[in-house]
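Listed here are the chains, written in short residue letters.
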Amino acid sequence: MRNICLYFQIHQPFRFRRYRFFDIGNEHYYYDDYLNESIMQKVADKCYIPANRILLDLIKKYKDRFKVTFSISGIALDQFELYAPEVIDSFRELAGTGQVEFLAETYAHSLVSLKDKEEFFSQVRQHQEKIQTLFGYKPVVFRNTELIYSDDIGALVADMGFKGVLTEGAKHVLGWKSPNYLYANPINPKLKVLLKNFKLSDDIAFRFSNHGWSEYPLTTEKFVKWLNKIPKNDETVNLFMDYETFGEHHWKETGILEFLKHLPETVFSKSKFSFSTPAQLMEDLQPVSLVNVPNPISWADEERDLTAWLGNPLQEQAFNKLYDLLGNIRSVDNRELKRDFTYLQQSDHFYYMCTKFFSDGDVHSYFNPFDTPYEAFINYMNILSDFEIRLNAELSAKSDDEAVRLSKIIAEKDQLIKKYEKQLGEERVSRSAGLHKMSGEEISNKPAAPKKPARSKVTKISGANAATAKSKTAKTKKSESVKKPVVKKENSRGKK
Amino acid sequence: MLMFGWEFPPHISGGLGTASFGLTRGMTKIPGLQIRFVIPKTFGDEDPRKLELIGANNVSLSRRKINYEGFLREIEYIEVDSMLVPYTDPEEYERKVKEAKTGSTSFIQTSFRGRIDFSGGYGHNLFQEIANYAIVASVLGESSDFDIIHAHDWLTFPAGMAAKKKSGKPLVLHVHATDFDRSGGSVNPAVFDIEKKGMEAADAIIAVSNFTRNTIIEKYGIDPDKVVTIHNAVEPLGELEKKALRKSVNDRVVTFLGRVTLQKGPEFFIEAAYKVLQKMSNVRFVMAGSGELYERMVLRAASLRIADKFHFTGFLKGDEVHRMFSISDVYVMPSVSEPFGISPLEAMQSNVPVIISHQSGVSEVLQYALKIDFWDVDAMADAIYGLLNYSALSDMFKHFGKVEVDNMKWENSAQKVNEVYKRMLT
C-alpha cells in the first residue's frame, strides 16, 4: 500500500498599518484593518471557499478513500472569525466528515520555537485548544511555522506529547535518503518525522502555471505518471503546500482547481496510491531510520534554512528586542497587551525585512505591504517601541497598585499593633492592680472589633470574672495575635 | 575624442563638473582613447592629468571666419528676453547680477589677437557665452583631429553641434540634467529649445539615469533607441579626506547638503526635521548650501521654532563637505527632481547612512539607502528617526553601503561610454 499525504497550510498575517515614530506613545492600534479584511475576503472567495467545496465533494464521493490534512494558524482563525466566518463554517463541515486531520502549530505562526521553550509550549497549547473548540478535533501531530525543524525542536515537540512532526525533505539533510519514508527523531525516537517531497509538491505549488516550465501544462495524468515512477518500495509521498496554491497563487483560470478536483480520480484509476493523513501514517508505518537535523531547516527558498526570517542584522535586532520583553509580558495580565504580543510574533513581520532578494524579490513580495525591507523594519521597531511603553506603563501601574495595597495593609497592621500594645499596657496595669483573671471571650473578640475605643475597659473588666478556666488559652492566643501582624508587616515591606 | 565641458576641478559649481571630471578620468584608463577636453576658460590651476585641456579662451579666433550668425541671432534674441540664470553657485550669481547692474558688457568682445573672453563660470550672460563657446567649437571642429564629439549638458550642446557641423564627426550628448529638473517643471523655453535641438542633432544620447532617459524620451520626443542610460559613479576618497572622518559633536546630526533651490526640496527637509524634533531632543539638523530659497528656509525654521536645533552653514566647498559628512549621522537628499545625485554616494563613502528621494536617478542604483517620495514628509521623518534610533539599520547601511558605493567606479561608466563610441564608429 502506497500513500499520498496531502497537507495544506493556511495562514494570513495580521498586517500592521503604516506606523510612524510620532505615533509612538500616542496611537496603540497597530493593524491595517482595511488591508487585512480585503485580503482575507479576496483569498476566501478565490481559494478557501471554492477549494473547500471541492474537497468536501471529493470526500463525499470517495468516502474514506480520500483524506486531507490542514494546519491553520491561530492568527488565520482569528481573522476568519473577524472577516470571513463562513470559512470557519466550511472547515467545520469538512471536519464533520471525519476524513480531515488538523495539525497543531504555534498560535501566532511564530518563530518562538527558536527562542523560548515555555512560550513555545504555551502557544502550541493555545492553538490546540482553539482547534478543539472550533472543530472538535485534538491535534496529535505537530507542524512548526514554515516547517522549521531541528533535532532539538523535535525533542520539545515530543515533550508536549505529540506523536510526530512534519518538516521539509531538505536535500542537505537527507543526502541520499528518500523523503518518501517515515523517520524518527534522534533525541527522542518516539517522535515520528514526515518529510515533504519538495520536488512533487513544488511542481504543483510553484510551477503549475509557469509557462516557461518544460513540463507545462501539468495535468493529473502527467502527475500520476510521475507518482508511478517513484521506486516501488517508497511508502509515502508527502505533498505539503500552502492552501492558497489553489485559486490564489495560481488563479482559477490556470486550471488549478480542476487539477485538484480530478487528482483523486486519476490517482485511483491509474495508480495504486491511496490517500492518508500524518497521524494515520505514523500509526501504520515503521520509521526506517533516524533523521539527523542538527541545524534548523525550513521550507523556504533554495537554502531551506532560517535566513528568510533571521538572516540579517535588522531581523536579528527586531527578533531579539521582541523576546527581551518576554519576562515582562509574563507578569502582566492585560488582554490587549497579550494579544498584541501574540501578533507581534508573526514570522511574516521578519520575512518582510528580508534583504536576500534585492534582485528577484517576487516570492517575498506576495501580499507584502512594504516596498523595502527597511520600511518594514522601521515600522516594526516603531510599533515595538510603543508596545514596550505600554508594557512598562502596565507594569508600573501594577506595581503602583501593589504599593498602595501594601501600604494600606501596613497602615492597618500598624493600627492593630498600636491597639494591642495599648491593651497589653492596660493589661499590665490591671495585673499589677491585682486583677489577674481575664475573659478569653473578650480577648478573642477584640481583633474583630478593632475600632471599639479602649475606654470600654471598665465594662470588659467587670465581666472578667465569668470564665476563669479559659484564661490560659486566652493568654497564648493573645500573644500570637500580637506577633503575627509584625511578621506580616516585615514580609510585605520585603515584597515592596 | 573632443569633449566639451563647462567646468573642471577645482573650479566646480555643481554635480555636472564633478561628473564630467570623474568620467573623463575614468576614460583615461581606457587604452587608445585620447581626450581633448574643452572648457570655456582655463585658470591655469586645473589638473588635467592624462588629458589635453583646452581653454576656449586660448583658441585663437582671428584666422577663422565665423558663419554662425543665424544661430547667434536666435540666442541674442533670447538673451534680451531672459535674465534667468540656469545653474549657478549663488555667490557667483550675485556677483554677476551686480556686474550687470553696473552696466558691464554682454556683447562678444574679441580681445586683441581675436580671442573671446569667457568668465569660466555660470553667469547671467550665459547665453552669450554659450554662443561664443559654439563659435570656438566650430573653429576647433575644423582644426582638430578627432573621431568623436562628446558634449556635456545644454550649455555645450551648441558647441557640440557646431563642431559636428564643421567636422561631420558623430556627436554624443551627455545629459546630466534637463531643464525640467532645474526649473521644477516650468521650463525656460530658450533652454528647452537648445536642449531639444541638440538632442535631435545628436547621434547618441547618454542619460545619467533611467529617470533622465524617460524625460528625454517623453518630454523632448527623442527616439528611445538613441538614448542609453549610463549611471554615474563616484571618485574614491583621498587619503586626506579619509583622515577627516571623526566625530566631535554629542548630538546626532542630520544633514542636507546641496543648493537651496526648488529642485533640491529643502522645505521638505525642514518639515521633516520639525516632526523629528517633536520626539527627540538630542538631534541637530544642518542645511549646508545656499540658493534662492535660503532666506525663506531660515524664516521657516524660525517660525517653526526649531532654530535652536536647525543650523544653516551656507555654501560648503571641498574639504568642508567632507568635514560635514564626518560629523553627520544621517544624510538626506529630498530632491524633487534629481537626474542622478552624486552627493549621497559621497556621504556613503564617509559611512553616513542616506535617505534619498524616489525622484532621483541615484535611487535606481542604490540598495543600501532609504528611499522616500520627496513630498512624503512623514515617511522622511520616520526614516530619519529609524536611522537614529534603530542601530541595526544604520550599522547595516554603514557597512554594506560603503561596500556598495566602493564598487561604483568611474572606470565602469567610462567603459560603457566607450562602447557607445564604438557603436558610433562602426
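Residues numbered from 1 in each chain as written. Chains lettered and ligands numbered in written order. Predicted model: local features only at pLDDT ≥ 70, side-chain atom pairs only at ≥ 80, totals over all residues.

Moving on to the overall build of chain A. The helix and strand inventory of chain A stands at 19 helices and 12 strands. In chain A, which comprises 496 residues, the share counted as buried stands at 42%. Put simply, of all contacts in chain A between residues at least 6 apart along the chain, 79% involve residues at least 24 apart. (Helix = DSSP H or I, 4+ residues; strand = E, 2+ residues; numbered from the N terminus. Buried ≥ 20, exposed ≤ 12 C-beta atoms within 10 Å, placed from the backbone. Contact = placed C-beta atoms within 7 Å.)

Below, the discussion takes up the overall build of chain B. Tallying secondary structure elements over chain B gives 16 helices and 13 strands in all. Of all 426 residues assigned to chain B, the portion counted as buried reaches 52%.

For the rest of this paragraph, the subject is the packing of helix α5 (residues 153-167) of chain B against helix α7 (residues 189-201) of chain B. Residue and element names in this part refer to chain B. Direction vectors running N to C along α5 and α7 enclose 40°, while the axes themselves pass 9 Å from each other. Comparing the axis directions of α5 and α7 gives the class oblique. In the packing of α5 onto α7, the handedness of the crossing is left-handed. When α5 is examined against α7, the residues Trp-154, Phe-157, Pro-158, Gly-160, Met-161 and Lys-164 are found in contact with a partner set consisting of Val-191, Ile-194, Glu-195, Gly-198 and Ala-201. Across the contact of α5 with α7, the residue classes break down as 7 nonpolar, 2 polar and 2 charged. (Axes fitted to C-alpha atoms, helices over the stretch in contact; angles between N-to-C directions. Parallel < 35°, antiparallel > 145°, perpendicular 65-115°, else oblique. Left-handed = near helix turned anticlockwise from the far one by under 90°. Nonpolar A, V, L, I, M, F, W, Y, C, P; charged D, E, K, R; others polar.)

Residue and element names in this part refer to chain B. Compared with the 22 Å implied by 1.5 Å per residue over 16 residues, the 22 Å span of helix α16 (residues 410-425) between its first and last C-alpha is a close match. All buried positions along α16 are accounted for by Trp-410, Ser-413, Ala-414, Val-417 and Val-420. Taken around the axis of α16, the buried residues stretch over an arc of 110°, which confines them to a single face. Away from the buried face of α16 by more than 90 degrees, exposed residues Glu-419 and Lys-422 are located. (Expected span 1.5 Å × (residues − 1). Arc of directions from axis to C-beta.)

In this section: the confidence of the model for chain A. Predicted coordinates in regions of low pLDDT should not be interpreted in detail. Scored by pLDDT, chain A has a mean of 86; 85% of the residues are at 70 or more. In the predicted structure, residues 439-496 of chain A sits below a pLDDT of 50 and forms 52 contacts with residues beyond four places in sequence or in another chain. (pLDDT = per-residue confidence, 0-100.)

With that out of the way, let us pick up helix α8 (residues 210-219) of chain B. Buried within α8(B) are the following residues: B:Phe211, B:Thr212, B:Arg213, B:Thr215 and B:Ile216. Where α8(B) ends, the next residue or the one after it, B:Gly221, has phi of about 65°, a positive value.

With 236 residues, the main nonpolar core has A:Phe377, B:Ile205, B:Val332, B:Ile355, B:Met380 and B:Ile384 as its most contacted residues. If one sorts the elements of this core by residue count, helix α4 (residues 126-143) of chain B sits on top with 10 residues. Beyond its immediate stretch of four places on either side in the chain, B:Val332 contacts B:Val254, B:Thr255, B:Phe256, B:Phe269, B:Ile355, B:Met380 and B:Ile384. (Core = buried A, V, L, I, M, F, W, Y, C linked by C-beta atoms within 7 Å.)

Now for the interface of chain A and chain B. Counting from both sides, the interface comprises 14 residues of chain A and, opposite them, 16 residues of chain B. For the side of chain A that touches chain B, the secondary structure elements donating two or more residues are α12 (313-324) and α16 (373-432) of chain A. Per-class residue counts for the side of chain A that touches chain B are 9 nonpolar, 3 polar and 2 charged.

Residue and element names in this part refer to chain B. Structurally, chain B comprises domain 1 (2-233 + 410-425) and domain 2 (239-406). The interface of domain 1 with domain 2 comprises 19 residues on the first partner and 14 residues on the second. Going through the elements one at a time, α1 (15-27), α3 (90-101), α6 (179-183) and α8 are the ones with two or more residues in the side of domain 1 that touches domain 2. (Domains from an automatic or database assignment.)

Further remarks concern the sheet that holds strand β13 (residues 370-372) of chain B. Residues and elements named next belong to chain B. The strand order across the open sheet formed by 6 strands is β10-β9-β8-β11-β12-β13, and the pairing between neighbours is parallel. Both outer strands of the open sheet, β10 (310-314) and β13, are each paired with one neighbouring strand and no more. Looking at each pair of strands side by side, their axes are set apart by 20° on average, direction ignored. Both strand β11 (residues 330-333) and strand β12 (residues 354-357) contribute to a ladder of 3 bridges, which runs parallel. Bridge pairing links Tyr-331 to Val-354 in β12. Across the sheet, helix α14 (residues 377-389) touches β8 (252-257), β9 (283-288), β11, β12 and β13, and the angle it forms with β11 is around 165°. (Pairing = 2+ DSSP bridges.)

All names here are of chain B. With respect to the helices, strands and loops of the structure, Val-260 is situated in the loop between β8 and α10 (266-277). The buried category is assigned to Val-260, around which 27 C-beta atoms lie within 10 Å. Placed 238 residues apart in sequence, Val-260 and Gly-22 show a C-alpha to C-alpha distance of 24 Å. Sequence-distant contacts of Val-260, defined by excluding residues within four places in its chain, comprise Pro-266, Met-287, Gly-289, Ser-290, Gly-291, Leu-293, Tyr-294 and Met-297.

Residues and elements named next belong to chain A. Within the open sheet, the 5 strands sit side by side as β4-β5-β7-β6-β12. Their pairing is mixed. This sheet does not close on itself; its edge strands, each paired only once, are β4 (141-143) and β12 (289-290). As paired strands, strand β6 (residues 182-184) and β12 are joined by 2 bridges and run parallel to one another. Across the sheet, Tyr-183 pairs through a bridge with Ser-289, a residue of β12.

A word on unusual backbone geometry. For the bond from A:Tyr216 to A:Pro217, the omega torsion is -5°, close enough to zero to count as cis. Locating A:Pro217 in the fold gives a position in the loop between α7 (198-205) and α8 (220-229). Even without a glycine there, the phi angle at B:Asp153 is positive, about 65°. For B:Asp153, the location among the structural elements is in helix α5. Phi is positive for B:Asn351, close to 65°, though the residue is something other than glycine.

Residues and elements named next belong to chain B. Both faces of strand β6 (residues 204-207) are covered, namely the face carrying Ala-204 and Ile-206 and the face carrying Ile-205 and Ala-207. As judged from the 3 bridges shared by β6 and strand β7 (residues 227-229), these two strands associate in the parallel manner. Along β7, the bridge assignment pairs Ala-207 with Thr-229. Handedness of the crossover joining β6 and β7 through α8 is recorded here as right-handed. (Right-handed = clockwise from strand over helix to strand, strands pointing away.)

This brings us to the environment of B:Leu2. All names here are of chain B. Within the secondary structure, Leu-2 sits in strand β1 (residues 2-4). Taking the number of C-beta atoms within 10 Å as the measure of exposure, Leu-2 has 28 and is therefore buried. Taking the C-alpha atoms as reference, Leu-2 lies 12 Å from Glu-142; in sequence the two are 140 residues apart.

The next subject is the environment of B:Ala273. Along the polypeptide, B:Ala273 turns up in helix α10. Discounting chain neighbours no more than four positions away, the residues touching B:Ala273 are B:Val254, B:Phe285, B:Ile306 and B:Phe310.

What follows deals with the confidence of the model for chain B. Residue and element names in this part refer to chain B. Per-residue confidence for chain B averages 78 on the pLDDT scale, and 74% of its residues sit at or above 70. Predicted confidence in chain B is weakest over helix α2 (residues 69-81), with a mean pLDDT of 28, and strongest over β11, with 97. The model gives residues 60-116 a pLDDT under 50, and that stretch makes 76 contacts with residues more than four places away or in other chains. Across the interfaces of the predicted complex, the ipTM metric reaches 0.75, alongside a pTM of 0.78.

All names here are of chain B. Where α10 meets α14, the axes come as close as 8 Å, and the angle between the chain directions of the two elements is 55°. On the basis of the axis angle, α10 is oblique to α14. α14 is crossed by α10, and the crossing has right-handed handedness. Contact with α10, carried on its side by Phe-268, Glu-271, Ala-272, Lys-275 and Val-276, involves Val-377, Met-380, Ala-381, Ile-384 and Tyr-385 of α14 and no other residues of that element.

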